[in-house]
Amino acid sequence: MNWRGVRALVRKDLKVVMQNKGVSIPLIVVPVIVFVVVPALVALLPRLFGAMGAPTQDIEELLTMAAPPLREALSHYSPEQAGVVFMLAYVMAPLFLIVPLMVANVIAADSFVGERERKTLEALLHTPLTDGELIVGKMLSAWLPAVAVSWLGFVVYGVTANLAAWPVMGRVFFPTPMWIVLALWVAPAAAGLGLVAMILVSARAKTFQEAYQLGGVVVLPVILLVIGQISGVVYLSVGVALALGLGLWVVDGVLLRLGARNFHRNELIARL
Amino acid sequence: MSDPVILTHELTRCFGSLVAVNRLSLEVAQGEVFGFLGHNGAGKTTTVRLLNGVLAASGGQARVLGLDPASQGTALRRRTGVLTESPSLDERLTARDNLAIFADLYGVPRERVRRRIAELLEHFELADRADEKVGGYSKGMKQRLALARALLHEPDLLFLDEPTAALDPVAARGVHELILRMARQEGRTVFLCTHNLVEAQRLCDRVGVMEQGRLVAVGAPQELARRYVHNLTVEVEVAPEDTDTALQALAGLPVAVQPGSPRGQLAVSGVRREAIPALVAALVHAGVAVYGVAPQEPSLEDVYFALHGEGVHGQREVSP
């Protein structure tokens, strides 16, 4: 593997991506909302409710909808604490996965489809990089930043959540073991899903915008996971997170095999 | 004599029912500037892609720099440089970034990268704006940068697709000199796709003419001219007072005569080379004082139009 060439390709793609405001702005705004704004608001809600004189029964009602094992796990917290832990440690968990999915998806759209749209692909195909090195470079361009943003976000989220919830919790409660699994095992797999979905989409989409819209479909399972967890159908325990990660890696592998089949110079140049 | 740098035998590429390159058999020697002429869609770009191992052939064989483009494309592309039809530059990056990234992609020795980039930027007069984004460059500057990128790793074989298309005459001349220097002094081989027939005539040792995927003629420009352009224009100078007599004498011949200025200058067109003595004899016989007869050598442009005008079928090989 010509790693110098692969690194050059990654460097090129990232420099180009960061020059595109249509790509770089969502890459900054969405993580800030997910990792800073939402946890701060959620952690402060019980105090806001309290200040407004709202009863804690609302939180208790919400918790009655949670899955039984989750209710059990939250039973040794006070109602206010249980509300914070439920929201920050469980409901937010699937939302966290949106970040690696989206970051990988957007960068891959720019890297795979944008490259063709900007008519810069042909020069790349004439370089000595093999087809394998080209796809590895393109994948790393999207996957590495997605994982980096997720891990950085995980740290920022932890700090924000603990600080904002301190008045209610009175101790450091985050990260939970499930979140560690989520960040280290599931998030990289989710980044992979955002990426391989885009490799498949890139075979059909002609423009970055088209690819971005088509590729956005991959966040639907995450939305379902959020709804499932709030409605008590799913409970993201350590075991479920491990299984979810494994499932995602398998799906990534299968989709990558499908996508890589079309990723050959011969096919790519014929589509220019 | 060394092995040919490019050697193809019945190389073919089809896209569905379209035969983009049809049984192309070609040899290009080391250090040769080979012109590849043809209309848009004649198969020139597809041929470059086939020869550089970017596109797989549907049939036939090719050896380029002794390598098989289909199975040894990576090794081959380390030794070739390509200027594509559109500059294919990352316009959001600076010229220096564009070159630095491709220096890594082509494996230019690390210790040489900085100096090589500086040399090329200087040579193509881009040094002053090397750290500006390429999106703000003129067409000519982009073309020069793309050419610099193709030369970064000092390739043995250069594929140039319309290298002077967007350049002003001064810049185009600079590129012509560069091409000749690379071939004549450095022994590099240049495969030049062009519409510019004057450029091809000036630079190329041999040219190949493509039509609808077929190579219809190949040879040195002068040889092709002799072979395909049968009707010449002959500049005739006669005594000014004999001009009318000369026009009368030539009226009986199957040629077109255009009197020039000053009197006594005649441009006689549609003359076959072997009919020139008869033309002179007719004038002398009429008592015209003939001061000079100068057949105008046909240009590659004449060859090109002669070939396309007569709807060519099959390849015509001309040995220099």
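Please refer to the structure placed before this passage.
Residues numbered from 1 in each chain as written. Chains lettered and ligands numbered in written order. Predicted model: local features only at pLDDT ≥ 70, side-chain atom pairs only at ≥ 80, totals over all residues. Heavy atoms only, no water.

Glancing now at the overall build of chain B. Of the regular secondary structure elements, chain B holds eleven helices and 14 strands. Seen through its principal axes, chain B has C-alpha atoms that stretch 75 × 45 × 40 Å. When each of the 320 residues of chain B is scored for burial, the buried share is 49%. Contacts in chain B between residues far apart in sequence, at least 24 positions, make up 69% of those at least 6 positions apart. Carbon and sulfur atoms provide 49% of the accessible area of chain B, an area that totals close to 14500 Å². Positive and negative side-chain charges in chain B, numbering 34 and 39 respectively, have mean positions lying 7 Å apart. (Helix = DSSP H or I, 4+ residues; strand = E, 2+ residues; numbered from the N terminus. Buried < 20%, exposed > 50% of the residue type's maximum accessible area, 1.4 Å probe, protein only. Contact = heavy atoms within 4.5 Å. Areas by Shrake-Rupley, 256 points an atom, 1.4 Å probe, with all protein chains shown as cover. Lys, Arg positive; Asp, Glu negative; His and termini not counted. Charge placed at Lys NZ, Arg CZ, Asp CG, Glu CD.)

Of the regular secondary structure elements, chain A holds twelve helices and zero strands. Listing each helix as α and each strand as β along chain A from the N terminus yields α-α-α-α-α-α-α-α-α-α-α-α. Counting only C-alpha atoms, chain A reaches 65 × 30 × 30 Å along its principal axes. Within chain A, the fraction of its 272 residues that count as buried is 52%. Within chain A, contacts between residues at least 6 apart in sequence are counted, and of these 83% link residues at least 24 apart. Accessible area of chain A: about 11600 Å², with a carbon and sulfur share of 71%.

All names here are of chain B. If you walk through the whole model with that rule in mind, you get 18 aromatic pairs over all chains. Centre to centre, the rings of F159 and F191 are 5.6 Å apart; their planes meet at 70°, and the pair counts as edge-to-face. Highlighted residues: F159 in strand β6 (residues 157-161) and F191 in strand β7 (residues 189-194), separated in sequence by 32 residues. For F191, a relative accessible area of 0% gives the class buried. The ring of F102 has R149 sitting right over it, with the charged end atom 4.6 Å from the ring centre. (Phe/Tyr/Trp six-rings, centres within 6.5 Å; stacked < 30°, edge-to-face > 60°. Lys NZ or Arg CZ within 6 Å of the ring centre and 35° of its normal.)

This paragraph deals with helix α11 (residues 238-261) of chain A. It helps to recall that an α-helix has 3.6 residues per turn; residues three or four apart then point in one direction. In this model, α11(A) (24 residues) spans 35 Å end to end at C-alpha, consistent with the 34 Å of a helix rising 1.5 Å per residue. In the core, the buried residues of α11(A) are packed alongside α8 (177-202) of chain A. (Expected span 1.5 Å × (residues − 1).)

Okay, the pairing of strand β3 (residues 33-37) of chain B next. Within a regular strand, the side chains alternate between the two sheet faces. All names here are of chain B. Among the five residues that make up β3, five are buried, leaving the element largely enclosed by the rest of the structure. Side chains V33, G35 and L37 of β3 all project onto a buried face; the interleaved residues F34 and F36 project onto the opposite face, where all are buried too. Pairing between β3 and β7: five bridges, direction parallel. Pairing of V33 across the sheet is with V190, part of β7. Where β3 meets strand β8 (residues 206-211), four bridges bridge the pair, whose relative direction is parallel. Note that in β8 the partner of F34 across the bridge is R206. (Pairing = 2+ DSSP bridges.)

What follows concerns α8(A). Residue and element names in this part refer to chain A. With 26 residues, α8 extends 37 Å between its outermost C-alpha atoms, agreeing within 8% with the 38 Å of an ideal straight helix rising 1.5 Å per residue. The largest bend in α8 comes to about 40°, at V186, with the proline P188 one to four residues further on. The buried fraction of α8 is high, at 21 of 26 residues. (Bend = angle between axes of the 7 residues up to and from the residue.)

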